[in-house]
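Here is how the chains run, residue by residue.
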Amino acid sequence: MDKLVIEGGTILKGEVTISGAKNAVLPIFAATLLTDDACIIKNVPNLRDTQTMIKILRSLGKEVILEKNTVTVTSTGKINFVADYKLVSTMRASFCVLGPLLAKLKRAKVSLPGGCVIGIRPVDLHLKGLKALNADISIESGYVVAKANRLKGRHIYLGGVFGSSVLATANVMMAATLAEGRTIIESAACEPEVIDLGEFLIKMGAKIKGVGTPLIEIEGVKHLHGASHQVIPDRIEAGTFMIAALITKGDILIKNLCYQHLGALIDKLLEAGAQISIVDHCSLRARFKRRLKPVNVTTLPYPGFPTDMQAQIMSLMAVTPGISVITEKIYPDRFMHVAELNRMGAYIQREGPHAIVEGVRLLSGAPVMASDLRASASLVLAGLVAKGITTVSRIYHLERGYENFEIKLQNLGAKLWREKE
Ligand code: UD1
């Protein structure tokens with residue numbers, strides 16, 4: 001296992017190019033199961049999670065070729081209907097093969113993904129939606145076993161206790177493309193990654209309206225064909241580099257992003273006093289101009305502030321003198337990074353779904369442990385500004401979601417390197 005060693009104190013400057021969106025590409029890979037034709041997916045980030053999804057597609061009988069950042073998925077003949085525990089348990093997003101397998105093969109057996117450090121993470125909404133489409137669903141030995149001779153379109157309310165669900169919307173939308181009749185998903189997730197999936201499905205011949213709004217309408221078709229698609233830029237990677245610029249008092253031009261996907265984050269950073277300038281429709285410049293002010297942040301489903309940026313903005317607030325309150329409304333237990341940031345000299349108290357951050361002038365380098373993907377990113381950001389050396393263990397979490405993270409940071413002047421644990 002590798003750890004990342006960071007020598008803090010460098011001001012980051014220069015340009016960085018954002019990779020394709022992890023959370024868009026994973027359900028798009030699953031959607032290729034809906035057709036026997038070839039699909040070509042471009043701008044695929046080379047990440048541990050994309051590799052896991054490629055393994056799952058191969059285990060289900062697809063042939064997958066990865067060349068640079070383009071993936072071609074073709075059929076080898078028979079598709080297997082069982083998605084194994086060993087693969088699904090390593091990555092929750094793989095659960096979204098359930099809808100496509102069920103729609104295409106009339107049956108599917110997909111391991112339940114289990115919980116993870118950011119919370120219990122149930123799949124009740126996925127199952128509710130598929131049941132409403134006429135699937136017969138049971139849980140057997142840790143697997144979801146789903147059968148349906150013909151899925152039937154229905155009006156489905158898919159909102160949950162914490163609002164809409166990104167992957168449940170994806171799962172049900174994919175299944176509904178091949179269902180008989182019209183499906184309406186009410187309280188659908190509006191995230192850009194759901195829109196990207198919808199656009200890919202439309203290219204495959206699906207009849208979908210309203211994707212990107214809380215009301216998605218799908219008119220089932222008999223079959224879908226192959227398609228080629230370019231994945232959208234990763235808004236969370238872009239946001240992480242915006243924070244990297246500000247936390248190090250730097251100046252970074254961030255290219256190949258879609259700034260419209262970053263509205264809530266840009267708004268908060270402007271409120272804090274950062275200088276964010278839109279250069280053109282696919283690049284922006286994040287620059288530290290003067291001392292930042294603390295801001296309160298509440299995570300919400302899109303277009304609200306993303307939970308996947310909560311840990312990173314907490315690192316920024318940890319070194320911004322004054323008090324800020326960060327409220328987590330999607331995953332109320334997503335605070336594993338708090339204790340690690342406090343080990344670096346931050347002063348953060350957790351009270352239920354709130355973190356009260358009292359910004360300090362200086363963090364000090366320390367050995368810290370990454371607990372999940374975005375928590376790891378927040379620790380690296382803190383390490384970049386801390387005095388002395390920070391070592392971040394378990395960086396395989398980072399490799400799940402950031403393509404060439406350390407190389408991109410090194411190119412901006414950061415002093416960091418990998419060492420064996
Ligand atoms: C996706 C993202 C993840 C992001 C999350 C929230 C991918 C691959 N992952 O995860 O990075 O943090 O959206 O923006 O796209 N819930 C239920 N029942 C369900 C499903 C979800 O109660 O059946 C709850 C969850 O526990 C959570 C909330 O709904 O509290 C939102 O979760 P959801 O949008 O489903 O997250 P994912 O799609 O798994």
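Conventions used here
Residues numbered from 1 in each chain as written. Predicted model: local features only at pLDDT ≥ 70, side-chain atom pairs only at ≥ 80, totals over all residues. Heavy atoms only, no water. Helix = DSSP H or I, 4+ residues; strand = E, 2+ residues; numbered from the N terminus. Rg over C-alpha atoms; globule rule 2.2 N^0.38 Å. Buried < 20%, exposed > 50% of the residue type's maximum accessible area, 1.4 Å probe, protein only. Contact = heavy atoms within 4.5 Å. Areas by Shrake-Rupley, 256 points an atom, 1.4 Å probe, with all protein chains shown as cover. Lys, Arg positive; Asp, Glu negative; His and termini not counted. Charge placed at Lys NZ, Arg CZ, Asp CG, Glu CD. Pairing = 2+ DSSP bridges. Domains from an automatic or database assignment. Buried area = accessible area lost by both parts, 1.4 Å probe. Salt bridge = Lys/Arg side-chain N within 4 Å of Asp/Glu carboxyl O. Polar contact = N/O pair within 3.5 Å; in protein donor to acceptor, adjacent residues only side chain to side chain. Phe/Tyr/Trp six-rings, centres within 6.5 Å; stacked < 30°, edge-to-face > 60°. Lys NZ or Arg CZ within 6 Å of the ring centre and 35° of its normal.

Draft legend 1. Examining the overall build of the chain more closely. Secondary structure summary: the chain contains 14 helices and 24 strands in total. The C-alpha radius of gyration of the chain comes to 21 Å, within 12% of the 22 Å expected for a compact globule of 421 residues. Seen through its principal axes, the chain has C-alpha atoms that stretch 65 × 45 × 40 Å. Of all 421 residues assigned to the chain, the portion counted as buried reaches 57%. Within the chain, contacts between residues at least 6 apart in sequence are counted, and of these 72% link residues at least 24 apart. Accessible area for the chain stands at about 16600 Å²; split by element, carbon and sulfur atoms hold 52% of it. Taking the 51 positively charged and 38 negatively charged side chains of the chain as two groups, their mean positions are separated by 1 Å.

Draft legend 2. Representation of the sheet that holds strand 21 (residues 354–359) in the model. Spatially, 18-19-21-20 is the arrangement adopted by the four strands of the open sheet, whose pairing is mixed. With one partner strand each, in any of the chains shown, strand 18 (297–298) and strand 20 (347–351) form the two edges of the open sheet. When strand 19 (residues 322–327) meets strand 21, the two strands line up antiparallel, connected through six bridges. Its bridge partner lying in strand 21, Ile323 is registered against Glu358.

Draft legend 3. Quick peek at the domain arrangement of the chain. Considered domain by domain, the chain is made up of domain 1 (2–19 + 233–420) and domain 2 (22–230). Counting residues at the interface gives 25 residues for domain 1, matched by 20 residues for domain 2. A combined buried area of about 1900 Å² lies between domain 1 and domain 2, and 53% of that area is made up of carbon and sulfur atoms. For domain 1, the biggest contributors to the area lost against domain 2 are Tyr302, Arg400 and Glu403; these three give 30% of the whole. Taken together, the links from domain 1 to domain 2 amount to three salt bridges. One salt bridge connects Arg235 with Glu193, and the closest N-O pair in it is separated by 2.8 Å. Where domain 1 touches domain 2, the interface holds seven residue pairs in polar contact (both at pLDDT 80 or more). Looking at the side of domain 1 that touches domain 2, the elements with two or more residues in it are helix 12 (373–385) and helix 13 (396–399).

Draft legend 4. How the structure looks around the pattern of salt bridges. Scanning the entire structure with this criterion turns up 18 salt bridges. When the shortest N-O distance is used, the salt bridge between Asp49 and Lys22 registers 3.5 Å. Linking Asp49 in helix 2 (residues 48–59) with Lys22 in helix 1 (residues 22–31), this pair joins segments that are 27 residues apart in sequence. Here Glu399 makes a salt bridge to Arg418, at a shortest N to O gap of 2.8 Å. Placement of Glu399 in helix 13 and of Arg418 in strand 24 (residues 415–420) is noted, with a sequence separation of 19 residues between them. Among the charged side chains, a network of salt bridges with common partners joins Asp2, Arg48, Glu399, Glu406, Arg418 and Lys420.

Draft legend 5. Up close: the packing of aromatic side chains. Going through the model one piece at a time under the given rule, you end up with two aromatic pairs. Ring centres of Phe241 and Phe405 lie 5.7 Å apart, and the angle between their planes is 70°; this geometry places the pair in the edge-to-face category. Remark: Phe405 occurs in helix 14 (residues 405–411) and Phe241 occurs in helix 8 (residues 235–247); sequence separation between them is 164 residues. Connected via pairs of aromatic rings, a cluster forms that spans Phe241, Tyr402 and Phe405. Sitting over the face of the ring of Phe81, Arg107 holds its NZ or CZ atom 3.7 Å from the ring centroid. Looking at Lys249, its charged tip hangs above the ring of Phe288, at a distance of 5.2 Å from the centre.

Draft legend 6. Geometry of helix 12. In terms of burial, helix 12 is a largely internal element, twelve of the 13 residues being buried. All buried positions along helix 12 are accounted for by Leu373, Arg374, Ala375, Ser376, Ala377, Ser378, Leu379, Val380, Leu381, Ala382, Gly383 and Leu384. Put simply, Asp372 is the residue that caps the front of helix 12, since its side-chain oxygen is 3.0 Å from the backbone nitrogen of Arg374.

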